[in-house]
Amino acid sequence: MKFGPLATAAVLAAVPAMADTRPMPDYFVSALVATSAAQALALSCAELSVDPVAIVKASEKLFTQLEEDGFDPSDPSAGMDNGDAELGAAQQAFMDKHQLDGAGSDVVCAAGRSEMSEGTEIGLLLVEVPQ
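Residues numbered from 1 in each chain as written. Predicted model: local features only at pLDDT ≥ 70, side-chain atom pairs only at ≥ 80, totals over all residues. Heavy atoms only, no water.

Draft legend 1. How the structure looks around the nonpolar core. The biggest cluster of nonpolar side chains holds 17 residues, and the ones touching the most others in it are Leu41, Phe94, Leu100, Val108, Ile122 and Leu126. For this core, the secondary structure elements donating two or more residues are helix 2 (26–44), helix 4 (84–98) and helix 5 (105–118). Broken down by element, the residue count for this core peaks at four residues, all from helix 2. Judged by nonpolar contacts, the second largest core, of 11 residues, contains Phe28, Leu66, Met80 and Leu87. (Core = buried A, V, L, I, M, F, W, Y, C linked by side-chain atoms within 4.5 Å. Buried < 20%, exposed > 50% of the residue type's maximum accessible area, 1.4 Å probe, protein only. Helix = DSSP H or I, 4+ residues; strand = E, 2+ residues; numbered from the N terminus.)

So this is what it looks like as structure tokens:
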């Protein structure tokens, strides 16, 4: 399976820019990219999986931060710009870091393991699957 472009968090980020919106916070961009990248890595590498417990913990932390910053955690994108440019740049940076454009599963698995060993936000959402 070839590794394609990362899925953007369209549901959360596809909100038309309105006069009363604020820029998408960097931590929100990071969380969306981390989640989509972890899912894409796990789908493209049979040796990796998304850790559901880590996802729940990360989500709880994210929603708490959003609420503290005045966003509605039940619809966080309602009060922010769509963040397309920021999301696209962050996703491309991840792709470039690991040279994932068109990469096969060996490269994808290595990228996931690298993220895990570095303890990145992406890596913290992944676990190895015994083969």
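Draft legend 2. Layout of the packing of helix 2 against helix 3 (residues 52–68). The contact between helix 2 and helix 3 brings their axes to 11 Å, and the two run at 160°. Accordingly, the angle class assigned to the pair helix 2 and helix 3 is roughly antiparallel. Viewed along their axes, helix 2 and helix 3 form a crossing whose handedness is left-handed. In this structure, helix 2 contributes Tyr27, Phe28, Ala31 and Thr35 to the contact, and helix 3 contributes Ile55, Leu62, Gln65 and Leu66. For the contact of helix 2 with helix 3, a count of residues per class yields six nonpolar, two polar and no charged. (Axes fitted to C-alpha atoms, helices over the stretch in contact; angles between N-to-C directions. Parallel < 35°, antiparallel > 145°, perpendicular 65-115°, else oblique. Left-handed = near helix turned anticlockwise from the far one by under 90°. Contact = heavy atoms within 4.5 Å. Nonpolar A, V, L, I, M, F, W, Y, C, P; charged D, E, K, R; others polar.)

Draft legend 3. Seen up close, unusual backbone geometry. Although it is not a glycine, glutamine 99 sits at a positive phi angle of roughly 50°. Along the polypeptide, glutamine 99 turns up in the loop between helix 4 and helix 5. What makes glutamine 99 exposed here is its relative accessible area of 65%.

Draft legend 4. Here's a closer look at the confidence of the model for the chain. When the pLDDT values of the chain are averaged, the result is 86; 85% of them are 70 or greater. Low pLDDT, under 50, characterises residues 1–18; the stretch is placed with 43 contacts to residues that sit more than four places away or in other chains. (pLDDT = per-residue confidence, 0-100.)

Draft legend 5. Looking closely at the pattern of salt bridges. If you walk through the whole model with that rule in mind, you get four salt bridges. Of the charged contacts, one joins arginine 113 and glutamate 47 as a salt bridge, the two residues approaching to 1.9 Å between their closest N and O atoms. Pair noted here: arginine 113 is in helix 5 and glutamate 47 is in the loop between helix 2 and strand 1 (48–50), with a separation of 66 residues, a long-range link. Two residues, glutamate 115 and lysine 97, come together in a salt bridge whose shortest N-O distance is 2.9 Å. One end of the pair, glutamate 115, is in helix 5; the other, lysine 97, is in helix 4, with 18 residues separating them in the sequence. (Salt bridge = Lys/Arg side-chain N within 4 Å of Asp/Glu carboxyl O.)

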